[in-house]
Amino acid sequence: METPENEVFRDSIATVTSEGKRAWIFPKKPSGKLYDYRKMVSYFLLAFLFLSPFIKINGNQFLMFNILERRFNIFGFPFWPQDFHLFVISMIIGVVFVTLFTVAFGRIFCGWICPQTIFMEMVFRRIEYLIEGDRGKQMRLAKQPWNAEKIRKKGLKLIIFLVISFLIANVFLAYLIGSDKLITYITDGPFEHTSTLISLLIFTAVFYFVFAWFREQVCVIACPYGRLQGVLLDTKSIVVAYDHKRGEAENGRKKFRKSENRQALGFGDCIDCFQCVNVCPTGIDIRNGTQMECVNCTACIDECDHIMESINLPKGLIRYASEENIEKKVPFKLTARMKGYIAVLIILIGLLTGMLFLRNEVEATVLRLPGQLYEHKENNVISNVFTYKLVNKTTKNIEDVSFKLMSHDGTINLVATSNTFEVPSQGIAEGTLFVEIDNSALSGDRNKIKIGVYADDKLIETTTANFLGPRSYR
Ligand code: SF4
Ligand code: SF4
C-alpha cells in the first residue's frame, strides 16, 4: 500500500538520501530569546564540565569516574568498590529523574543539558558559522570546487576542531583517571606514558569524528535515550510542538500575501516559509508532529516567532506545549504516572541519604584463612588465623591502627613486627592476624567474635568474624 503524502516523512530520515547516502544538514544559524537562554546555560555547563575534574572537596575530586580502579567521586563524595550498592542507587536515581523529566517535559535534557548538543550546537557549529558563514554560504562552499578559499576555510575548521577535540579528550581523561594523574602525566612528558597517550589520541579521533562528521546522527540514530522517547512520551508531555489547530485552521497553511485576510479565507497562521525546517539541526519538519529526531533544541520556536512578529501575528505558533494543550487547551498538570515516578524518586533519595549517613569512612573486613582449622595451644588457649583488609576512604593517612577483641577476653596478634600499622589515605592495608581466646570462654565449635579497629586508641570501626573451637569442649 502506498504511503499517503502527508505520512511520507515517516519512511525516511533527513540525514539519509533516497539512495542511502549521507544528506548533509546545513541548519540556519538560530537566533532569538530561547537561543540566548540556551547560550547562557551552555556557558555554565561548559565551565562545569571543564572545571569539575579540577575542583576538590576535602581532597576528593568533585567528579571522577575511574572505571579501571572502580573508584567514583560524585559531588566530592568518594564511592569505593565496597560502596558499589550506593553508586548503583545514585545511578538509579539519575535514571528515574531523567525519566520523570522526559515524561513531563519531553527531551528537555537533550536540548538544554546533553553534552552532545552543547558541544555540537554551542561550540562546533558556532565555530563553523564563524568560518564558513550561515546556511546559504555553507551550502555554496560545499558545492564549489576545491579552490584557495575552500581549502583555507575547511583547513582552518579542521585544525580548530582537532584542537578542541584534543582538549575535550584531556578533560574526559581527567574524569577517567583523575586530574592529578593527568597533570603528572603531562608534566612527565607524553612519551613517558605511551599507553595513556594512545588512549588520548583515540579519544581525540572519536570526538573529532562525532563533532565534525557524525554530528546530529548521534541523536537521531545512535542515542539510546532518544530511542526511549516513543515509550516515555504521551499526549500530556510538554514538548516543542507546532500548534496545528492554529497553523492549519480549516483550509491549511498558505504562503503569505500582503493585504489578504487569511482568517476570513479559512487559512491557518503558518505561512509555509520553511524557516522552522531550515533552522532545524536534525533536518525535520516539526509541523509533521512530534518526531523521534526532534532534540527539543527550540531553534524552530525562535525562528517561527521571528516570522510571526514580521507579519504581525501572535508568537507561539511553535512552542512548548502538550498534544492535549493544543487539541483541548488543557493546562499542564501532574498525571498519575508522574506522581508515581516522584514517589519512587523520593523513596530512593531517602534511602541513599540514610545509607550515606550510615556509611563508615573506614571499612574493615576480617575473614578466617580458608582451609585453616583452630590450633590448640598451651594453657587451653585456642588460636584462629585470619586475614584482614582495611579500606581508608578519607584523604588523610590513619596512623597507629590496632585491633582489639571486644566480645571475648583474648588477644589479637598481627603477623608483623609491630601490632600497630598505618592505613594510607584513600588506600588499603592488608595482612594476617591471630586471635587467641581461652577455651573456657568459647561456647561450642562456632563462635561469633567482635573486633574493634582503633586509631590512637579511639574506636573507628567494628567488624565480626567466625572463630572456630573444639566441638567436644561443650
Ligand atoms: S516557521 Fe512558522 S510560519 Fe514558517 S513554516 Fe514554520 S511553522 Fe510555518
Ligand atoms: S524540530 Fe525544532 S526543536 Fe526539534 S530539533 Fe528541530 S529545530 Fe530543534
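Data block above holds the structure.
Predicted model, so just to flag it, every value in this text is computed and none were measured. (Residues numbered from 1 in each chain as written. Chains lettered and ligands numbered in written order. Predicted model: local features only at pLDDT ≥ 70, side-chain atom pairs only at ≥ 80, totals over all residues. Heavy atoms only, no water.)

Engineer: What should I look at first to understand the site of ligand 2 in this one?
Structural biologist: Close contacts around ligand 2 come from Val-240, Cys-280, Pro-281, Thr-282, Ile-284, Ile-286, Cys-294, Val-295, Asn-296, Cys-297, Thr-298 and Cys-300, and that covers them all. Judged by the fraction of its atoms near the pocket grid, ligand 2 is located in the largest cavity. (Near = heavy atom within 4 Å. 1 Å grid on protein atoms, 1.4 Å probe; cavity = no way out; pocket = protein on both sides within 12 Å on 5 of 7 lines; lining within 4 Å. Sits in = over half its atoms within 2 Å of the grid points.)

Engineer: How do you make sense of the packing of aromatic side chains when you look at a structure like this?
Structural biologist: Remark: the centre distance and the inter-plane angle together describe each pair of aromatic rings, the angle taken between the planes. The final tally for this structure, using the stated rule, is 25 aromatic pairs. Look at Phe-124 and Phe-161: their rings are 4.9 Å apart centre to centre, the planes differ by 80°, and that puts the pair in the edge-to-face class. Taken together, the residues Phe-124 in helix H4 (residues 115–132) and Phe-161 in helix H6 (residues 148–177) connect sequence positions 37 residues apart. Each member of the pair Phe-124 and Phe-161 is classed as buried. Taken together, a centroid distance of 4.8 Å and an interplanar angle of 90° make the contact between Phe-172 and Phe-203 edge-to-face. Note that Phe-172 is positioned in helix H6 and Phe-203 in helix H8 (residues 194–214), a separation of 31 residues in sequence. Since its relative accessible area comes to 34%, Phe-172 is described here as partly exposed. Taken together, Phe-50, Phe-119, Phe-124, Phe-161, Phe-172, Phe-203, Phe-207 and Phe-211 form an aromatic cluster joined through their ring pairs. Here Arg-22 stacks its cationic end above the ring of Trp-213, 4.8 Å away from the centre of that ring. In this structure, Arg-71 is placed above the aromatic ring of Trp-80, and the distance from its NZ or CZ to the ring centre is 5.3 Å. (Phe/Tyr/Trp six-rings, centres within 6.5 Å; stacked < 30°, edge-to-face > 60°. Helix = DSSP H or I, 4+ residues; strand = E, 2+ residues; numbered from the N terminus. Buried < 20%, exposed > 50% of the residue type's maximum accessible area, 1.4 Å probe, protein only. Lys NZ or Arg CZ within 6 Å of the ring centre and 35° of its normal.)

Engineer: Could you clarify how one ought to interpret the pattern of salt bridges in this entry?
Structural biologist: It is possible for side chains of opposite charge to pair when their charged atoms get near one another. For the structure on display, the rule yields 29 salt bridges. The residue Glu-69 makes a salt bridge to Arg-71 at a minimum N-O spacing of 3.5 Å. One network of salt bridges, in which partners are shared, links Glu-128, Glu-132, Lys-154, Lys-157 and Arg-215. (Salt bridge = Lys/Arg side-chain N within 4 Å of Asp/Glu carboxyl O.)

Engineer: Just to check I follow, could you spell out the packing of H4 against H6 for this structure?
Structural biologist: Pairs of packed helices are described in terms of their axes, by the angle between the two and the distance that separates them. The interhelical angle for the contact between H4 and H6, taken along N-to-C directions, is 155°, at an axis separation of 10 Å. One element, H4, and the other, H6, form an angle in the roughly antiparallel class. The element H4 and its partner H6 pack so that their crossing is right-handed. Listed contacts from H6 to Phe-119, Val-123, Phe-124, Ile-127, Glu-128, Ile-131 and Glu-132 of H4 are Lys-153, Lys-154, Leu-156, Lys-157, Ile-160, Phe-161, Ile-164, Ser-165 and Ile-168. Along the lines of polarity and charge, the residues of the contact of H4 with H6 split into 10 nonpolar, one polar and five charged. (Axes fitted to C-alpha atoms, helices over the stretch in contact; angles between N-to-C directions. Parallel < 35°, antiparallel > 145°, perpendicular 65-115°, else oblique. Left-handed = near helix turned anticlockwise from the far one by under 90°. Contact = heavy atoms within 4.5 Å. Nonpolar A, V, L, I, M, F, W, Y, C, P; charged D, E, K, R; others polar.)

Engineer: Just checking my understanding: could you explain empty space enclosed by the protein for this structure?
Structural biologist: Taking a probe equal in size to a water molecule and rolling it over the atoms shows the remaining empty space. Per the counting criterion, the structure on display carries seven cavities of 30 Å³ or more. Of the pockets and cavities examined, the largest cavity occupies roughly 100 Å³. Its residues assigned to classes, the lining of the largest cavity shows nine nonpolar, three polar and no charged. (Points joined across faces, edges and corners; volume = space filled by probe spheres on them.)

Engineer: Mind showing me how you'd approach the site of ligand 1 here?
Structural biologist: Contacts to ligand 1 come from Tyr-242, Cys-270, Ile-271, Asp-272, Cys-273, Phe-274, Cys-276, Arg-287, Cys-304, Met-308 and Ile-318. Of the residues belonging to the shell around ligand 1, the class tally is nine nonpolar, no polar and two charged.

Engineer: How do you make sense of the nonpolar core when you look at a structure like this?
Structural biologist: In summary, soluble globular proteins display a tendency toward joint burial of nonpolar side chains. Among the nonpolar cores identified, the biggest contains 28 residues, and Tyr-242, Ile-286, Cys-300, Met-308, Leu-317 and Ile-318 are the most heavily contacted of them. If you list the elements that add at least two residues to this core, you get helix H3 (108–112), strand S6 (239–242), helix H14 (275–278) and helix H15 (299–310). In terms of residues, this core owes the most to one element, H15, which gives six residues. Those residues in contact with Ile-286 that sit more than four places away from it in its chain are Val-240, Tyr-242, Gln-291, Cys-294, Cys-300 and Ile-318. By size, the runner-up hydrophobic cluster in this structure holds 26 residues, among which are Val-401, Leu-442, Ile-449 and Phe-467. (Core = buried A, V, L, I, M, F, W, Y, C linked by side-chain atoms within 4.5 Å.)

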